[in-house]
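Okay, here's what each chain looks like letter by letter:
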Amino acid sequence: LAKTTQPISMDSYEGQEVNITCSHNNIATNDYITWYQQFPSQGPRFIIQGYKTKVTNEVASLFIPADRKSSTLSLPRVSLSDTAVYYCLVGDRNDMRFGAGTRLTVKP
Amino acid sequence: NAGVTQTPKFQVLKTGQSMTLQCAQDMNHNSMYWYRQDPGMGLRLIYYSASEGTTDKGEVPNGYNVSRLNKREFSLRLESAAPSQTSVYFCASSSLAGGPRKGQETQYFGPGTRLLVL
């Protein structure tokens, strides 16, 4: 089981780029890295997933170095509505450990 | 397309009472999951069902039972509720994206059921 470590909280301001790094030193060869977003009183929502290098979609980018022992979720030009908890997950469907996540607060 | 639906949205139980939380998905997904989330914490997997007719324990299965009624529905039952089971319960479903690598499945979550056990 690949344990993940993320910062407990982060603050940012509207319009800034936010980078949240997740450490996963024991990631297995076949494991993907997945990030979810959770707003208060809602279930988590998939943001992005990757295996190596860089992945980009309409919401975020995911940077994964060659050793894959960490990953960085990048949110460009955040807005107040990006205030949420962000979870980094590594592993398969039978062992999805969400951890406490990173609570991102975006300020005006 | 409603995605994942859960009933009820909110429930209050007395210690020792039983209840069943219902979950249904209309995305034709093979896998379904039940999680609990305690205040300020991440989600913990209670049970999952990789396919119709199969169920397996997750991280915190004690005090719960599940039934995969058919491909669409996955229920969670508390036989004798305890205050420690006060939590928000989320159901999720996923469909294997294909390929040998793990973690490719995207999970889709329901809105949650808030349970208070007095």
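The preceding data block contains the structure.
Residues numbered from 1 in each chain as written. Chains lettered and ligands numbered in written order. Predicted model: local features only at pLDDT ≥ 70, side-chain atom pairs only at ≥ 80, totals over all residues. Heavy atoms only, no water.

The subject of this paragraph is the interface of chain B and chain A. If you look at the interface, chain B gives 24 residues, while chain A gives 23 residues. In this assembly, chain B packs against chain A so that about 2,100 Å² is buried in total across both faces, 50% of it on carbon and sulfur atoms. On the surface where chain B and chain A come into contact, there are zero salt bridges. Taken together, chain B and chain A are joined by four residue pairs in polar contact (both at pLDDT 80 or more). Breaking the side of chain B that touches chain A down by element, the ones donating at least two residues are β4 (31-37), β5 (43-49) and β10 (107-109) of chain B. (Contact = heavy atoms within 4.5 Å. Buried area = accessible area lost by both parts, 1.4 Å probe. Salt bridge = Lys/Arg side-chain N within 4 Å of Asp/Glu carboxyl O. Polar contact = N/O pair within 3.5 Å; in protein donor to acceptor, adjacent residues only side chain to side chain. Helix = DSSP H or I, 4+ residues; strand = E, 2+ residues; numbered from the N terminus.)

Before going further, it helps to examine the sheet that holds strand β4 (residues 45-50) of chain A. Residues and elements named next belong to chain A. Here we have five strands laid out as an open sheet, ordered β1-β9-β8-β3-β4, and mixed in their pairing. Of all strands in the sheet, those bounded by a partner on one side alone are β1 (9-13) and β4. Recorded for the sheet is a direction-independent mean angle of 25° between the axes of neighbouring strands. As paired strands, β1 and strand β9 (residues 102-107) are joined by five bridges and run parallel to one another. Bridged to M10 within β9 is L104. (Pairing = 2+ DSSP bridges. Axes fitted to C-alpha atoms, helices over the stretch in contact; angles between N-to-C directions.)

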